[in-house]
Amino acid sequence: QHLPKSGCSPSEFSDALKKFKTSVLDKQYWPAARGPRRVIVRCADHESLILMRDALKSLGSSAVLIHDNVKRDDADKLEFQSVNRALRAPESGPIEYWLHQWKLLEGVDDSTFAAIAIYAPFSASRATIQQIGRIIRVLDRAAPGKEVATVFASADIQADARARFERYTRYEQHFAKDPKRALEQ
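Residues numbered from 1 in each chain as written. Predicted model: local features only at pLDDT ≥ 70, side-chain atom pairs only at ≥ 80, totals over all residues. Heavy atoms only, no water.

Trainee: Help me out: how do you make sense of unusual backbone geometry in this one?
Mentor: As a rule of thumb, non-glycine residues mostly have phi less than zero, and peptide bonds are mostly trans rather than cis. Of note, Leu 78 is a non-glycine position whose phi angle comes to about 60°, a positive value. When you line up the elements, Leu 78 lands in the loop between strand S2 (63-66) and strand S3 (79-80). (Helix = DSSP H or I, 4+ residues; strand = E, 2+ residues; numbered from the N terminus.)

As structure tokens, then:
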């Protein structure tokens, strides 16, 4: 019921995302000591990142924007070229929405990222797998229920991401059974 429509505007997407976060994501288990539950938002380009940030701001939410086109890091504006500098900036600490095009795929191991929102699909399966990998974590082995890695996207983008992830897990299972043979294929 909260899924965005395929091809919707950043404004419509951010509105659906905020409603989803409030009514679904925020009701899932989250260790209180962990800090804010962050959502990685993937957009197609710098322009769509700016539109998404502005749309979230109009709904009362700040967002960290990370992209190569940012001329210089500006913690007050929450704009960064580097993920590491964004993560280290005290101004970014309480921010729940983290926007990027390619920057939050690899080399980011931060357990406060709890969900991904895919506004623009990935063109490569590897990028899809890397993005999902940012939110697969065991936060609390004593948790009262299963922890959930959440992917928020339109139905068609979700179907594509699911198919790519299932192909990947089938390959991983195949590789685990016979690593030598899996590498030959």
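Trainee: In this structure, what is going on with the confidence of the model for the protein? I would like to understand it.
Mentor: The predicted structure's coordinates, where accompanied by low pLDDT, should not be read in detail. Here the protein averages 88 in pLDDT, and 90% of its residues register 70 or above. Looking at the elements of the protein, mean pLDDT is at its lowest for helix H6 (residues 179-184), recorded as 71, and at its highest for S2, recorded as 98. (pLDDT = per-residue confidence, 0-100.)

Trainee: I keep staring at the packing of helix H4 (residues 125-133) against helix H5 (residues 155-177) and nothing clicks. Help me out?
Mentor: Packed helices, taken two at a time, are described by the angle their axes make and the gap between the axes. Packing of H4 against H5 leaves a shortest axis separation of 9 Å and a crossing angle of 90°. In terms of orientation, H4 lies roughly perpendicular with respect to H5. Contact residues: Ser 125, Thr 128, Ile 129 and Ile 132 in H4; Ala 161, Arg 164, Phe 165, Arg 167 and Tyr 168 in H5. Residue composition of the contact of H4 with H5, by class: five nonpolar, two polar and two charged. (Axes fitted to C-alpha atoms, helices over the stretch in contact; angles between N-to-C directions. Parallel < 35°, antiparallel > 145°, perpendicular 65-115°, else oblique. Contact = heavy atoms within 4.5 Å. Nonpolar A, V, L, I, M, F, W, Y, C, P; charged D, E, K, R; others polar.)

Trainee: I'm lost on the nonpolar core in this one. Help?
Mentor: A general trend in soluble globular proteins is that nonpolar side chains are found buried together. Of all hydrophobic cores here, the largest spans 22 residues; its most connected members are Val 64, Ile 66, Trp 98, Leu 104 and Phe 113. Residue assignment for this core shows that the elements contributing at least two residues are S2, helix H3 (83-88), strand S5 (113-118) and H4. Looking at this core element by element, the count peaks at three residues for S5. Aside from chain neighbours lying at most four places away, what touches Leu 104 is Ile 40, Ile 66, Val 83, Trp 98, Phe 113, Gln 131 and Arg 134. (Core = buried A, V, L, I, M, F, W, Y, C linked by side-chain atoms within 4.5 Å. Buried < 20%, exposed > 50% of the residue type's maximum accessible area, 1.4 Å probe, protein only.)

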